[in-house]
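Residue-level listing of the chains:
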Amino acid sequence: RPRRARAAPAPTFAPTRDGVRFRDARVGDGPEVFAHDAVVILFTARVLPSDDGALDRRRAGDTFDPFVVGGAGASASKGFKLEIGSATNDIPEGWARAFEGDGDAMPRMRIGGKRIVRIPPSLAYGERGHHCRDGVRGACEVNPGESVEIDFEILRYT
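Source: prediction; values computed, not measured.

Q: Any chance you could explain the overall build of the protein here in plain terms?
A: A tally of helices and strands in the protein yields one helix and seven strands. Its helices and strands in sequence order give the protein the pattern β-β-β-β-β-α-β-β, from N to C terminus. Looking at the protein residue by residue over its 158 residues, the buried ones come to 41%. Entry remark: accessible area of the protein is about 9000 Å², with carbon and sulfur atoms responsible for 48%.

Q: Could you clarify how one ought to interpret the environment of His-36 in this entry?
A: As for its placement among the helices and strands, His-36 is situated in the loop between β2 (21-26) and β3 (38-47). Judged by its relative accessible area of 51%, His-36 is exposed.

Q: What exactly am I supposed to notice about the packing of aromatic side chains here?
A: For any pair of aromatic rings, the description consists of the separation of the ring centres together with the inter-plane angle of the planes. A complete count under the given rule lists four aromatic pairs for this structure. Here the aromatic residues Phe-43, Trp-95, Phe-99 and Phe-152 are joined through ring pairs into a cluster of three or more.

Q: Help me understand helix α1 (residues 93-100), please; the structure alone is not making it clear to me.
A: What sets the pattern is the α-helix's 3.6 residues per turn: residues three or four places apart point alike. Along α1, the residues that are buried comprise Gly-94, Trp-95, Ala-98 and Phe-99. All buried residues of α1 lie within an arc of 150 degrees about the axis, which places them on one face of the element. If you follow the buried residues of α1, they end up packed against β3, β5 (80-83), β6 (114-119) and β7 (148-157). Downstream of α1 by a residue or two, Gly-101 has a phi angle that is positive, lying close to 80 degrees.

How each quantity is defined
Residues numbered from 1 in each chain as written. Predicted model: local features only at pLDDT ≥ 70, side-chain atom pairs only at ≥ 80, totals over all residues. Heavy atoms only, no water. Helix = DSSP H or I, 4+ residues; strand = E, 2+ residues; numbered from the N terminus. Buried < 20%, exposed > 50% of the residue type's maximum accessible area, 1.4 Å probe, protein only. Areas by Shrake-Rupley, 256 points an atom, 1.4 Å probe, with all protein chains shown as cover. Phe/Tyr/Trp six-rings, centres within 6.5 Å; stacked < 30°, edge-to-face > 60°. Arc of directions from axis to C-beta. Contact = heavy atoms within 4.5 Å.

On their own, these measurements won't tell you what the molecule is for.
Take a look at the structure:
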């Protein structure tokens, strides 16, 4: 009988001091990015199960749009212009940190890099949630207290 190949181990995510976990799928070979740089990115944002494994009226892996007022859609199929660290963006604090690194475990990103970050509720949307209708739990794209995962690639400067 032919031997069955063993499944590859699941990729590991490195922790940071503030609870963000990250994995570099590809380290970029372009220039480093800094706060207020305007870049074009591809991204997909997902809701993660809570620590108790439950998702309130959602499935693990549901995608959402982290941008408000019409947004560009949670799409990895087109480029989206983003100014890193801009106060006009409604992106989670943990994602904003993922571009510049944390000065410790998570290095600064470079153009061409691809990173996956898992952001705890305290650095995602906290107790306010995201895109909630009339403050109703379950009527949000991201409910209060949920963690998120954002998979993104920096294509170029705008």
